[in-house]
Structure formats: structure tokens, C-alpha cells
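Chain and residue survey
So the chains spell out like this:
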Amino acid sequence: LSEDIFAGYNVRMREEASPHIDALEFEKGREATFNAASNFFSKISGGSISVIRSRDNHLLCDRIGILHSLSFYFTSVSFYVSNLLVDYTIYLYVILFILFSLAGLGPGE
């Protein structure tokens, strides 16, 4: 998957056009269990880290405008940052809920 992303970077840096073709395939998904899906997600996120730290990424961001830079940020780095913030806020919510319940401070009290 990372090779496809780097190929897209090279096409964009050469300012060429690349056709996009959508193909719908049935019964292609193999991630039927939570562990398989989790392993696939860790593989994708590891590849995304190598893409973010690459020299091509830096060169591409120097050449695109501010709107494309924001779009690129929100589809790469920001996705993982927002997932991290959601995870931490859920932990914070549960801990505060438990502490308020133990202290006797409920919603109607």
C-alpha cells in the first residue's frame, strides 16, 4: 500500500495526470475477526508513519498550496491524532464518571 502512495507522490511532483478508476469487488474482505482487523490497522498506520517521515512528503508539501496542504494534513496526520484524542477522552470520561459516582455526585444531586 505504501508503494502506491509513493507512486502517487511521484506522479504529483512531476505534475502529471493519473486516471482514477473505481472497481467494486464483492467478497474481498478478509478481516472477519477483531484481531485480523486490528493487525491490518497497525500495518496501515505503520506504513503511514513511513510516508509521513519521507523526503517525498516534504518535497510534495513544499510545492502544493495551502488548501491542498490542509487537505493532505487532515487525511494523514490528523486522522491518527484525532483517534488518539478520542481514545484519551473516553478514558478520562470513564475515570471521572467513576470518581463522581464514588464521591456521591450524580447528575441529579
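Source: prediction; values computed, not measured.

Parameters at a glance
Every chain is numbered independently, its residues counted from 1 as its sequence is written. In keeping with the predicted nature of the model, local features appear solely for residues at pLDDT of at least 70, side-chain atom pairs appear and are counted solely at 80 or more, and the whole-chain, interface and lining totals rest on all residues. By convention in this description, side-chain values take in all heavy atoms of the structure and omit both hydrogens and water. By the criteria applied, helices consist of DSSP H or I runs no shorter than four residues and strands consist of E runs no shorter than two, each listed in order from the N terminus. Burial here depends on accessible area, computed with a 1.4 Å probe over protein chains only, as a share of the maximum for the residue type. Under 20% is buried, over 50% is exposed, and the range in between is partly exposed. We call two residues in contact whenever any of their non-hydrogen atoms come within 4.5 Å of each other. Calculation of accessible area relied on Shrake-Rupley with a 1.4 Å probe; when residues are assessed, cover is drawn exclusively from the protein chains displayed. Axis geometry follows a simple rule: fit a line to the C-alpha atoms, using only the stretch in contact for helices, then measure angles between N-to-C directions, giving values from 0 to 180 degrees. Working rule for angles: under 35 degrees goes down as roughly parallel, over 145 as roughly antiparallel, 65 to 115 as roughly perpendicular, anything else as oblique. Throughout, a crossing is termed right-handed when the near helix is turned clockwise from the far one, and left-handed when it is turned anticlockwise from it by less than a right angle. Note that Gly is not counted as nonpolar here; it falls among the polar residues with everything else outside the nonpolar set of Ala, Val, Leu, Ile, Met, Phe, Trp, Tyr, Cys and Pro and the charged set of Asp, Glu, Lys and Arg.

**Here's the deal with the overall build of the protein chain**
- A tally of regular secondary structure across the protein chain gives five helices and zero strands.
- The buried share of the protein chain, reckoned over its 109 residues, is 14%.
- Sequence separation of at least 24 residues holds for 79% of the intrachain contacts in the protein chain that already meet a minimum separation of 6.
- When the accessible surface of the protein chain is totalled, it reaches about 9,500 Å², and 63% of it is carbon and sulfur.

**Section: the packing of helix α2 (residues 34-52) against helix α5 (residues 77-103)**
- Between α2 and α5, the least distance of the axes is 10 Å, while the angle of their chain directions is 130 degrees. Classed by the angle they form, the pair α2 and α5 counts as oblique. With respect to the hand of their crossing, α2 and α5 are arranged in left-handed fashion. Here Phe41, Ile44, Ser45, Ser48 and Ile52 of α2 lie close against α5, whose contacting residues are Val77, Phe79, Tyr80 and Asn83.
- A breakdown of the residues in the contact of α2 with α5 according to their chemical character gives six nonpolar, three polar and no charged.

**Looking at the packing of helix α4 (residues 66-75) against α5**
- Viewed as axis vectors pointing N to C, α4 and α5 meet at an angle of 45 degrees, and their least axial separation amounts to 3 Å. Regarding the angle of α4 to α5, the classification is oblique. Side by side, α4 and α5 meet where Tyr73, Phe74 and Thr75 of the first sit next to Val77, Ser78 and Phe79 of the second.
- Residues that form the contact of α4 with α5 fall into these classes: four nonpolar, two polar and no charged.

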